[in-house]
Every structure is written in C-alpha cells, then in structure tokens.
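Survey of secondary and tertiary structure
For reference, the chains in residue letters:
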Amino acid sequence: MTPYHILKLLLPRLLFTGLLSITFSFVSAQTSGDKLLFDKYKKIKDLDSSEVYAGQLLASAKKNNDKLFEARVLYTRSLKHYTKGNELEALDYATQAHNLTGESDSVTYAKTATMMAYMMSRQGNNVNALKVAFKMLRVTDAKGWKKLSADSRLCIADIYRTMNQAKEAIPYAEQAASDLLAARDTGMYIFALSTLSNIYSQREIQTPANIKTATRYMEIILNEPYVGKVSPFSKARYLSNLGRLYRMQNQNGKAEQVLLQSLDISRKEKFVAIEKHALNELATVKIDQKKYAEAVKYGQQALNTLANEQSPLKYQIDIYNRLTDAYEGLEDYKQAYLHLKHNRRLEDSLSNTEKNEAATKLSEQFKLDKRLLEASNKAKLLKQQRNFIIVMVIISAAALFALYRWVIYKRKKEADILAEEHRQLAKLDAMKTRFFANISHELRTPLTLIMGPLEQLVNQPYINDEQKTNHINSVLRNSKKLLNMLNELLDLGKIEAGSLPVHLQPVNLATFMRVLYQNFASAAEFRHIRYSLISDINEDIVADIDRDKFEKIANNLISNAIKYTPSNGNIFINAGIKDNQIAFSVADNGSGIHPDDMPHIFDRYFQGNREGAPAEGGTGIGLAIAREFTELLKGKITVENNYGKGSLFKVFLPLNISESTDTTQPAELDETATETLIAASNATQLIMVVEDHREMAGYISAILSPQYKVVTAYNGIEALTLLQTYGELPSLIISDVMMPDMDGFTLLNNLKQHTIYCSIPVIMLTALADDHTKLQALTIGVDDYLTKPFISSELLARAGNLITNAAARSHHHSDSAAEHEPTIAIPEVSPADFAWLAQIEELVRKYTGKTELNITMLSYDMAISERQLNRRIKQITGLTPNKYIRAIRLQIAREAIESGKYRTVAEISHAAGFDTPAYFSKIFKEHYGRDVNELL
C-alpha cells in the first residue's frame, strides 16, 4: 500500500478523532459537576422521583449553556416516560432532545430520532415516522455509523410491521441483525431478533413455518446466553410477544404461563405499555379457551390501563375487539355492541392506503439518495487525490507542532504528578485520622460498661455480694464484647463492601431486654441519672433475632442518652410487642438535637459543629451504625426531637417467633472456667517468659507453672542476660513483641543468629494481630505466634508441641553422636539449616492444593537423595519428613483461617492440601489446642 493510500485512509479518521476529542473535552467541562447526579437519575425507577432530578439537571445544563448535556437528560427522560406508557410525553422530550443535539454527539442525535419515529408510529402517524427514520438512515450510512445505522433499519422495519407490510420490513430487519452480529453488539442483536420475530408473526405473512420461525427467534432471546443480558423491561416485552406466538400455535397453556410472567414483571416494575399488551393477549387466550368471564376481566384491566390520548390506536382497537368477542360469548349483546362501536370509531381514524403509498415513495427516495451518496463519495475521493501534496505539507507542519506540544505537555504532566502525589499523601493522612477516630468511638461503649461497674466496686466498699457478682459479670461480658469489636474492626473492609451476614438465634426477649437495660445501670447510677425500664413483653416469648446487632443498636442509643443527659435527669427504656414487631425505644430529657442537625444525625461521620456549642467528643458513627444495622435486620428507626428538652429514638424490628426451645441466653459464661489444661510429657522442663507487663507475665506463668518451671524476664536485654547466667537453657521462650529497651523482634533476631540459642523454639505472644507483624516474625524465624487474648489450653498445646519437637530433635542428635563418635559434640542447628528448611517450605507451599506431594518429588526438587532428605529433616526438626510437611500444611491452614477468605472447614482443608475435613480438624486441634470451627 502506497503512502498516498495510507494517508487517504487515516486523514479523515485523525480529523474526526480530533473533533470528537475537542467535543468530549467541552462536554466534560460542562457536565463533570453533574455526572454523579445524572448517573443516579438514570438508575431511579420511580417516575415522580426521577422528575425532580431531571428538573435539577436541566436547570444546570441551561445555566451552563450546555445543549449536549441538556439533550442527553431529555432523551433519558423520554425513555423513562415511554417505559411508564406516557407516549406523548416521550415523543415531546425526544423531539426537544433531537433539536438540541447534532452530529458531534452521534449516539444522542441518532437515538432521539429513532425514538421520535417509534412514538409517532405508536400514535398512528406512520408516514411522518418513516420520514424521520429514513432521514436518520441516510445520515448514519453516510457517516459510517454502523450500529446506529442498524438501529435506524430496525426502526424502519418495526414501522412497516405496524403498517402490515411485513415483506417490506424483513430486508431492513435482516440487514440490521447481520450488521449487529458482525459488530458483536449483543444488546442490539437481541433487539433485532425480537423485531424479526414480530415481523414473521404478522398476519399478512402468517404461515405455520413463519410462526415457528418467529417463535424460535423469541425462544433464543429468552434462553442462555442472551436472557441474562436482557433488562426487566425488555424481558417483560419479549415474554408478552412469546405468549402471543404460543397462542397463535394453539399452545394456550404455554401462552398463559409466559403472559402471566410478563404481567408480573410489568406490574412490579410499572411498565404500563407492556402490561396492556400482556392483558390483551391473556384476554385472547381465554376467548380461545371459551372462558369468556376471565377474558372480560383481562380485557377490562387492559382498558383501565389505557390513556386513550397516548396509547397506540392499534392496541385500543385490539382491546375493544377482544371485549366485543368476550361479551358476545357471554351473550351480553348490549356490551358487545357498545365495544364494537368504539372499535369502528377507532378504525375509521386510520387511513392505511394513503400511508402505504407514502411509505413506498419514501423507500424509493432512499434508494435514489443512496446512489447519489455513492457518486458524492467518488467525487470526494478525487478531491482527496488532488490535494495530497497540500495535505502532506500540512501534516508535516502539524507533526512538528505536535512534537513541541508534547514536550510542553510532558513537563506539565510531571508537575501535575508531583502535585497529585502531595494530594494523595494528604488524603491518606486524613483517612488515617478518620480510621483511628472510628476505633475510638467503637471502643467507647464497652469501655464505659467496664469502667462504670469497676469504679463502683472500688469506690463503694459496702456493696452486697449480688451486686458485686452483677458488676463482675458486666465487666467480663463487655471485655469479651471489646474483643469482638476489635475483631470487627479488622474486618472493616468486608463491612464496607456490604458482606456483613445476619446470624439469627433464639432469644428470650424479656430476659434480653433486662440485660440490655442492666448493662448501663452502673453508668447511669454513677452520673446520678434516674434510669428506668418499662417492658410489657411476655416472659415466654422466644424470638429469632441477631442478638449482637440488636445489642449494638441498643447500646449506641442508650450510651448517647447517658452522654447527653445531665445529672438528675431521666432516661426511660421501653420494650414491647406492637403490630407483630419488636418495639424498642430510648427517651431522655437531655439537651435534644439542634434542628439544623436533624437531617444529618444518621449520616456517618457527622458531628454538630455549631458555633458556641461545647465539644462533646465522638466520631459521629454511632447513630449511623444503629440505622445501618436496623435496616440490615429489615426494621426501621425513627427519632422525635424537642430541642432543649430531650429526644426519643424508636426502633421497630420484625418479630419472628422461634420454633426452637433452646434459647440463647444473653448472659455470657466464664470461658476460663471450662478450659482444659494439656500436660506436657516432662514436668521438669524450663520455659522463659519475656513480657514487660508484670500482670500479663504473672498470668502466663500461672498457666504454665503447673506443667513447667517458669523464669520471667521483662525485656529482650534481660532475657539475653538470663540465658547467659541461668543454670540451664530453657526448652521454650515465650516473648512479647512491644517491650522497652529491646523489643521481641530484636530479641528473636539475636536468638536466631546465635549458634546455641538458635535451636531454642520461640513463641511470639502479642496483641499485634496484623499481617505485617506476623510476616516479620515468620521472616526472622519464629516457631509459632499467638495473638492476645488467648485461652490457656491453646497456649499449653502449642508450647507442648514445640517442646516435644525440640526434644525429638535433641534425641536424634544424641543417636547420631552415639552411632558415629561418642566423644565428639554434635553441633546445634545453624542459621544455614533454617535457610535450607525455608527452601523446603517454599516447595511444599508451591505444591499444596495443586498435586499430591511425596518424598520422591521433594528430594528431586531439592537435589538430594530420599535417605539424606529424611535424615537431615529429622536432624534439624526432630520430625519425619511426612510430619514436617503436615506441620507446614497446618501453618498454611492457619494463615487461610486468619485471612478471612474461607468460611467452612472443607474449604480450609482443601486449601491446605488435606484429604478429608474430619482428619484435618482432628490434627489441627492436636497441634494448636483449638477447634478449627471456633476460629471460623
């Protein structure tokens, strides 16, 4: 191909692309502020609500003199009115939109024209409809807009169909379908198939073969792979058409079934136009079945949906025909005659002969225009050839200018990137601040419930045993709640994504309400607030509710009431059953809510910041969480406010009476009372605990001391000193991470680099539960890590496993020394050994979940014999290769559980490479001292 031909092909496209880019930049500049509002407007289904948004968008477009954006809004408005059966309004808005737009916005320009043609045809104005459609077809063909050209052809075909000229319609529809299939436009291809189906079922060409062809087209659309891409409006329309086709083949059962489906969708989505068609077809089916009373019912329903000035005359004639036949079948000849008169009046308003002649004339005119267009294109080609030299000079100059602009643009882009990086850093800092603010709020409620009872216990020495027990139970219960909230904060991303599940469980409502009330009794008493519960719930009522979420709703409302109620104020908690709903309310006589803040109190992060108002703390997410949880539980929350005198919050949740008698009691049990200690095989072994918090160190020592000797160090430096001065080496070291002078990571690094201490197993015991902390510990070489809080059996199980493995490793060293040279000392495990084990672990992780790993495969990849592999793993770890592989897989399973990506034991088992979930659960509990189901 010569440079001339290349230029000839590329130049028009380059010019068009430049024009389109300029146009797009202009439109974007005008409408970027309204983009979000426009996107929301397109999604709204309710017509009245959408009209409000349309008015705002049109006002903005006119203010900015943005005619293209105004046209898009009007076109969307036209579509919404059409789906609701308002065809005159749809025609008016489409006409306004078309007059505002031009060829620079090709889609809106062409779509508005075809919408005008469709609506004119539905009003019986087929001649003008064809004029508009053929005009747009000429434009789209000339511009090479393939998809829009196909859209115009489909419009022409549909108009010919309504004029009972199916033979004229078929070529246009088939050409459009072929073009759309080649363009891989699934949505428009589906529409083309539906148009062909409608044409082949036209009365003037009705044959059994054509009806079957029409049915086949429609069944293709309503089955995979296309049905999933069909909108509710189109699905309702296609089902209605399929019902008509089944009726025409005397398959009335199938016809009624799909027509009822169409009617159900149309009424649910308020598609009035489709509802009329489905009702008319159902009336016809019932007439064919000689069920005339039901036919009258459907016909009258169809008649009631008609807005006579907007409904197509053909539909009105058909409905009156059906009603005439139905009343005649019922021998109600008076009604039959009245509906027949309406039918005749409508038929007289149509002048089919004149319209058919005009349509034929337009078709011939289009063919003539097409030939003229081809001649014009040839003339343009000759002109381009004559101007080739001039164009080359222009392109050369443009290239030099573009190069200069590119250098300027690159420099500006670099400056913009730097500025954007500064903005992103500021944004990240703001996000961090907001995140910690959220944590502060989430922790405040349980901390209040812990501090209130404790302060009473400290400051009131003469308190009876029952009150002491209540206070202690409250502290324990809310301490566990604090743990649950910390775990929820780690899953904050999942909650934001809308994946928070609802866990229903049977709960005795009367008892539960008393517990919710009692949770804040100490705090209210401490602040000298009169605090009352009024409950008329029957003691025997047990309901299925999500206890945790209901408790969080109640806690936020009650804690806010206590926070904003002054001393000697009143707070009333009301609970009851009303209209099959759980009614829960919190009333106070505090400061109330300022009227300016009322519209925003349920918005996340909102806080009143009126001038002169006291700083009240909080992050503004408590009420937002209460509302989100209430809506998640399919309930509602309301507020009544009397500024300066108090407020009343009401929550209503559906009442689901439980069929189970095994209720979940709100009071929580003391978990430590049921823990089972796991004894080690050797009660004389020494464990070193490195923990700077004396109370925590004492607690750990209390767990371990019945089974082991325990020595305590309060930081890393003291631990290293003790290792050098103490009479014996410990069998295990348990270390915290965050400590003064030398933290746990530094201590671990010193241990693993030491030729003797590197063989001592280490458990990192820490409150830092993030992945970065765990990864850092594993990278340095920690044997295990345990996240606070923990239960004693879990700590004992992991300590016992590590000590047993270390003892087996030491026994292997002793055996090897006796076999080879009893007088030579056997070296301890070195850092090089740990690096070698890391390679094995990498291979095990590589094969886990993909194939069954065996010793042969492992020895091949490690370039070592099976015997040497077995001996060296036993020497370093004290485990056989199979047990060591199993230990790595258990670590993989643990990481999978902590990732939160898996929800069942079977998924975890498969991810870690175990054959059966039962076997996996058994060895997991043996290794970690925890049931895997407790961790999911």
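Definitions and cut-offs
Residues numbered from 1 in each chain as written. Predicted model: local features only at pLDDT ≥ 70, side-chain atom pairs only at ≥ 80, totals over all residues. Heavy atoms only, no water. Helix = DSSP H or I, 4+ residues; strand = E, 2+ residues; numbered from the N terminus. Buried < 20%, exposed > 50% of the residue type's maximum accessible area, 1.4 Å probe, protein only. Contact = heavy atoms within 4.5 Å. Axes fitted to C-alpha atoms, helices over the stretch in contact; angles between N-to-C directions. Parallel < 35°, antiparallel > 145°, perpendicular 65-115°, else oblique. pLDDT = per-residue confidence, 0-100. UniProt positions renumbered as here; feature names shortened; annotations may be inferred. Pairing = 2+ DSSP bridges. Salt bridge = Lys/Arg side-chain N within 4 Å of Asp/Glu carboxyl O. Core = buried A, V, L, I, M, F, W, Y, C linked by side-chain atoms within 4.5 Å. Patch = residues over 30% accessible without salt bridge, like charges linked within 9 Å, V, L, I, M, F, W, Y side chains within 5 Å. Areas by Shrake-Rupley, 256 points an atom, 1.4 Å probe, with all protein chains shown as cover. Phe/Tyr/Trp six-rings, centres within 6.5 Å; stacked < 30°, edge-to-face > 60°. Lys NZ or Arg CZ within 6 Å of the ring centre and 35° of its normal. Polar contact = N/O pair within 3.5 Å; in protein donor to acceptor, adjacent residues only side chain to side chain. Expected span 1.5 Å × (residues − 1).

**Digging into the overall build of the protein chain**
The helix and strand tally for the protein chain stands at 37 helices and twelve strands. A burial count over the protein chain gives 45% of its 936 residues as buried. Long-range contacts, defined as pairs at least 24 residues apart, comprise 67% of the intrachain contacts of the protein chain with a sequence gap of at least 6.

**Points about the packing of helix α35 (residues 905-912) against helix α36 (residues 917-928)**
It is the contact of α35 with α36, at a shortest axis distance of 9 Å, that shows an interaxial angle of 85°. As summarised for this structure, α35 and α36 are arranged roughly perpendicular, according to the angle between their axes. Contacts from Val-905, Ala-906, Ile-908 and Ser-909 of α35 reach α36 at Pro-917, Phe-920 and Ser-921.

**Side note on the confidence of the model for the protein chain**
Taken as a whole, the protein chain shows an average pLDDT of 77; of its residues, 76% reach a score of 70 or greater. Mean pLDDT per element in the protein chain: helix α1 (residues 3-31) is the minimum at 37, and strand β5 (residues 581-588) is the maximum at 95. Here residues 611-617 is a poorly scored stretch, pLDDT under 50, and it has four contacts once near neighbours within four places are set aside; other chains count. Segment residues 771-775 is flagged for pLDDT under 50; beyond a separation of four residues in sequence, or across chains, it makes six contacts in the model.

**Quick notes on the UniProt feature "transmembrane region" (unreviewed entry) in the protein chain**
When the UniProt feature table is mapped onto this chain numbering, "transmembrane region" (unreviewed entry) sits at residues 388-407. Within the segment residues 388-407, helix and strand shares are 100% and 0% respectively, and the terminal C-alpha atoms sit 29 Å apart.

**A short note on the sheet that holds strand β2 (residues 530-535)**
If you trace the five strands from one edge of the open sheet to the other, you get β2-β4-β5-β7-β6, paired in mixed fashion. Either end of the sheet is taken by a strand with one partner, and the two such strands are β2 and β6 (636-642). Each strand of the sheet is rotated relative to its neighbour by a mean of 10°, with strand direction disregarded. Note that β6 and strand β7 (residues 646-654) share seven bridges and pair antiparallel. Within the sheet, the bridge partner assigned to Asn-641 lies in β7 and is Ser-647. With respect to the sheet, helix α24 (residues 547-564) is in contact with β2, β4 (570-578), β5, β6 and β7, its orientation differing from that of β5 by roughly 15°. Each of β6 and β7 touches helix α25 (residues 622-632); the most contacted strand, β6, lies at about 140° to it.

**Regarding the pairing of strand β10 (residues 732-735)**
Of the two faces of β10, the one lined by Leu-732 and Ile-734 and the one lined by Ile-733 and Ser-735 are each fully buried. In terms of strand pairing, strand β8 (residues 686-690) meets β10 through four bridges, oriented parallel. Following the sheet pairing, Met-688 is matched in β10 by Ile-733.

**A look at the pattern of salt bridges**
Enumeration according to the criterion identifies 22 salt bridges in this entry. For Asp-141, the salt bridge goes to Arg-153, with nearest N and O atoms at 3.3 Å. Placement of Asp-141 in helix α7 (residues 126-143) and of Arg-153 in helix α8 (residues 146-162) is noted, with a sequence separation of twelve residues between them. Of the residues examined, Arg-153 reaches a relative accessible area of 10% and is grouped as buried. With a shortest N-O distance of 3.2 Å, Lys-650 and Glu-640 are connected by a salt bridge. Of the two residues, Lys-650 sits in strand β7 while Glu-640 sits in strand β6, which places them ten residues apart along the sequence.

**Let's talk about the nonpolar core**
In this structure, Leu-154, Ile-156, Ile-159 and Tyr-238 are the most contacted members of the largest nonpolar core, which totals 99 residues. Residues within four places of Ile-159 in sequence aside, it is in contact with Ala-117, Ser-121, Asn-126, Ala-129, Leu-130 and Ala-133. With 42 residues, the next largest nonpolar core counts Met-513, Phe-520, Leu-623 and Leu-655 among its residues.

**A word on α25**
Turning to α25, its buried residues are Gly-622, Leu-623, Ala-624, Ile-625, Ala-626, Phe-629 and Thr-630. Where α25 ends, the next residue or the one after it, Lys-634, has phi of about 65°, a positive value.

**Regarding unusual backbone geometry**
Between Glu-224 and the following residue, Pro-225, the backbone shows a cis peptide bond with an omega angle of 10°. Tracing the chain through its elements places Pro-225 in the loop between α11 (208-221) and α12 (232-248). A positive phi angle, near 55°, is found at Asn-65, a position not held by glycine. You can see Asn-65 is positioned in the loop between α3 (47-63) and α4 (67-83).

**Some words on the side chain of Thr-284**
Within the secondary structure layout, Thr-284 lies in helix α14 (residues 272-288). What makes Thr-284 buried here is its relative accessible area of 9%.

**Remarks on the environment of Leu-853**
Secondary-structure assignment places Leu-853 in the loop between α31 (831-847) and α32 (855-861). Counting along the chain gives 29 residues from Leu-853 to Asn-882, while the straight-line C-alpha distance between them is 9.8 Å. With near-sequence residues (within four places) excluded, Leu-853 lies in contact with Val-844, Tyr-847, Leu-858, Ile-885 and Arg-889.

**Section: a nonpolar patch on the surface**
Where nonpolar side chains cluster on the molecular surface, the patch consists of Leu-403, Trp-406, Val-407 and Tyr-409 and spans about 420 Å² of accessible area. Take Tyr-409: it is sitting in helix α19 (residues 388-459). Relative accessible area serves as the criterion here: at 49%, Tyr-409 is assigned to the partly exposed category.

**Some remarks on the packing of aromatic side chains**
A ring pair, where both rings are aromatic, is described by two values, the distance of the centres and the angle of the planes. Per the stated rule, a full pass over the model turns up 16 aromatic pairs. Plain terms: the ring middles of Phe-134 and Tyr-172 are 6.0 Å apart, the flat faces sit at 75° to each other, and that makes the pair edge-to-face. In this pair, Phe-134 sits in helix α7 while Tyr-172 sits in helix α9 (residues 166-183), placing the two residues 38 residues apart along the sequence. Each of the two residues, Phe-134 as well as Tyr-172, counts as buried. Centre to centre, the rings of Phe-602 and Phe-649 are 6.4 Å apart; their planes meet at 90°, and the pair counts as edge-to-face. Here Phe-602, found in the loop between β5 and α25, pairs with Phe-649, found in strand β7; they are 47 residues apart in sequence, far enough to count as distant. Overall, the relative accessible area of 9% leaves Phe-649 in the buried class. Taken together, the ring pairs connect Phe-914, Tyr-919, Phe-920 and Phe-924 into an aromatic cluster. In this structure, Arg-216 packs its charged tip against the face of Tyr-217, placed 5.1 Å from the ring centre. The positively charged end of Arg-872 is found above the aromatic ring belonging to Trp-836, 4.3 Å away from the centroid.

**A few points about the environment of Arg-77**
Here Arg-77 is to be found in helix α4. In this structure the C-alpha to C-alpha distance between Arg-77 and Glu-89, which are twelve residues apart in sequence, comes to 9.0 Å. Leave out the neighbours within four places in its chain, and Arg-77 touches Tyr-41, Glu-51, Ala-54, Leu-58 and Tyr-93. A distance of 2.7 Å separates polar atoms of two side chains, one belonging to Arg-77 and the other to Glu-51.

**Here we look at the environment of Ile-763**
For Ile-763, the position within the fold is in strand β11 (residues 762-766). It is 6.3 Å that separates the C-alpha atoms of Ile-763 and Ile-733, two residues lying 30 residues apart in sequence.

**Here's the deal with α24**
The first and last C-alpha atoms of α24 sit 26 Å apart over 18 residues, in line with the 26 Å expected at 1.5 Å per residue. Extensive coverage of α24 is indicated by the burial of 14 of its 18 residues.

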